[in-house]
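# Understanding the architecture of this molecule
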Amino acid sequence: MKKIILSTLFLISVFSCKKESAKTEDGMAVQDSASVPELAEAPAALKMFNAEQTSEFLGKKNDTLYVTNFFATWCGPCVKEIPHFKNKIQELNGKPVKITFVSVDSKNDWNTKVPHFVDEQGIRNNTVLLDGQQLGGDFFAANFKEWDGSAIPFTFMRRGDKTDETLGMISEEQLTEKINSLLK
């Protein structure tokens, strides 16, 4: 008798916990919002630039200050300076300043390491991909006074006809000073 009572109680508890769909007036079933899995929003795809598109971007001459940082995920100094740029993105929000990170990582890492890295750093929306192996000396000579592409990090700033180039890691103080001087 105990087994029958325990079995009955068990079955009652199982059936009473079963979620049922609510029905509308027309008899159509409506799922409970708790039973519908939320879809995770897919992150935006990283933009890919070729040498020509990069040159066009670097050559924009208007009243916006373009700060472009060339980096790679494997570059220690590059990783160390990213927080400085992130602080400036927040600080200068709403001002005519556009900060862009250009990843020169190997094309083999574009779908693995780079997306993971930029998500971890919180810079996905400010990052573009550039196949650095496709860049020749003419690209560097046409776009920069000092940089020949042999080392990173490299930061290029342009506002109108004024430019600034920094080869190597930039401190937050240097970044602030250079941005302020170009915004005058």
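- For the protein, the name recorded in an unreviewed UniProt entry is TlpA disulfide reductase family protein, with Chryseobacterium salviniae as its organism.
- What UniProt states about the protein under its Subcellular location (unreviewed entry) heading is, verbatim, "Cell envelope".

### Remarks on the overall build of the protein
- Scanning the protein from terminus to terminus reveals six helices and eight strands.
- Traced from its N-terminal end to its C-terminal end, the protein shows the element sequence α-β-β-β-α-β-α-β-α-β-α-β-β-α.
- Taking the contacts inside the protein whose residues are at least 6 apart along the sequence as the reference set, 66% of them involve residues at least 24 apart.
- Put simply, the protein shows about 12,000 Å² of open surface, and 53% of that area lies on carbon and sulfur atoms.

### As for the side chain of Asp164
- Within the secondary structure, Asp164 sits in strand S8 (residues 162–167).
- A polar contact is formed between the side chain of Asp164 and the side chain of Thr166, at a distance of 3.4 Å.
- Once you skip the residues sitting within four places of it in the chain, Asp164 turns out to touch Thr155, Phe156, Met157, Lys178 and Leu182.

### Regarding the pairing of strand S4 (residues 65–71)
- Counting buried residues along S4, seven of its seven residues qualify, which places the element largely inside the surrounding structure.
- Because side chains alternate across S4, one face comprises the buried residues Leu65, Val67, Asn69 and Phe71, and the other comprises Tyr66, Thr68 and Phe70, equally buried.
- One ladder, built from seven bridges, connects S4 with strand S5 (residues 97–103); its direction is parallel. Note on S5: the bridge partner recorded for Phe70 is Val102.
- In the classification by handedness, the crossover that spans S4, the intervening helix H3 (residues 76–91) and the parallel S5 is right-handed.

### Some words on helix H4 (residues 113–121)
- Where H4 is concerned, the buried positions are Val114, Pro115, Phe117, Val118 and Gln121. For H4, the arc enclosing every buried residue in end-on projection is 165°, short of the 170-degree limit, so these residues lie on one face. H4 presents His116 and Glu120 as exposed residues on the side facing more than 90 degrees away from its buried surface.
- Where H4 is buried, its residues meet S4, H3, S5 and strand S6 (127–130).
- In the stretch just after H4, Gly122 is the one whose phi turns positive, near 75°.

Definitions and cut-offs
Residues numbered from 1 in each chain as written. Predicted model: local features only at pLDDT ≥ 70, side-chain atom pairs only at ≥ 80, totals over all residues. Heavy atoms only, no water. UniProt positions renumbered as here; feature names shortened; annotations may be inferred. Helix = DSSP H or I, 4+ residues; strand = E, 2+ residues; numbered from the N terminus. Contact = heavy atoms within 4.5 Å. Areas by Shrake-Rupley, 256 points an atom, 1.4 Å probe, with all protein chains shown as cover. Polar contact = N/O pair within 3.5 Å; in protein donor to acceptor, adjacent residues only side chain to side chain. Buried < 20%, exposed > 50% of the residue type's maximum accessible area, 1.4 Å probe, protein only. Pairing = 2+ DSSP bridges. Right-handed = clockwise from strand over helix to strand, strands pointing away. Arc of directions from axis to C-beta.

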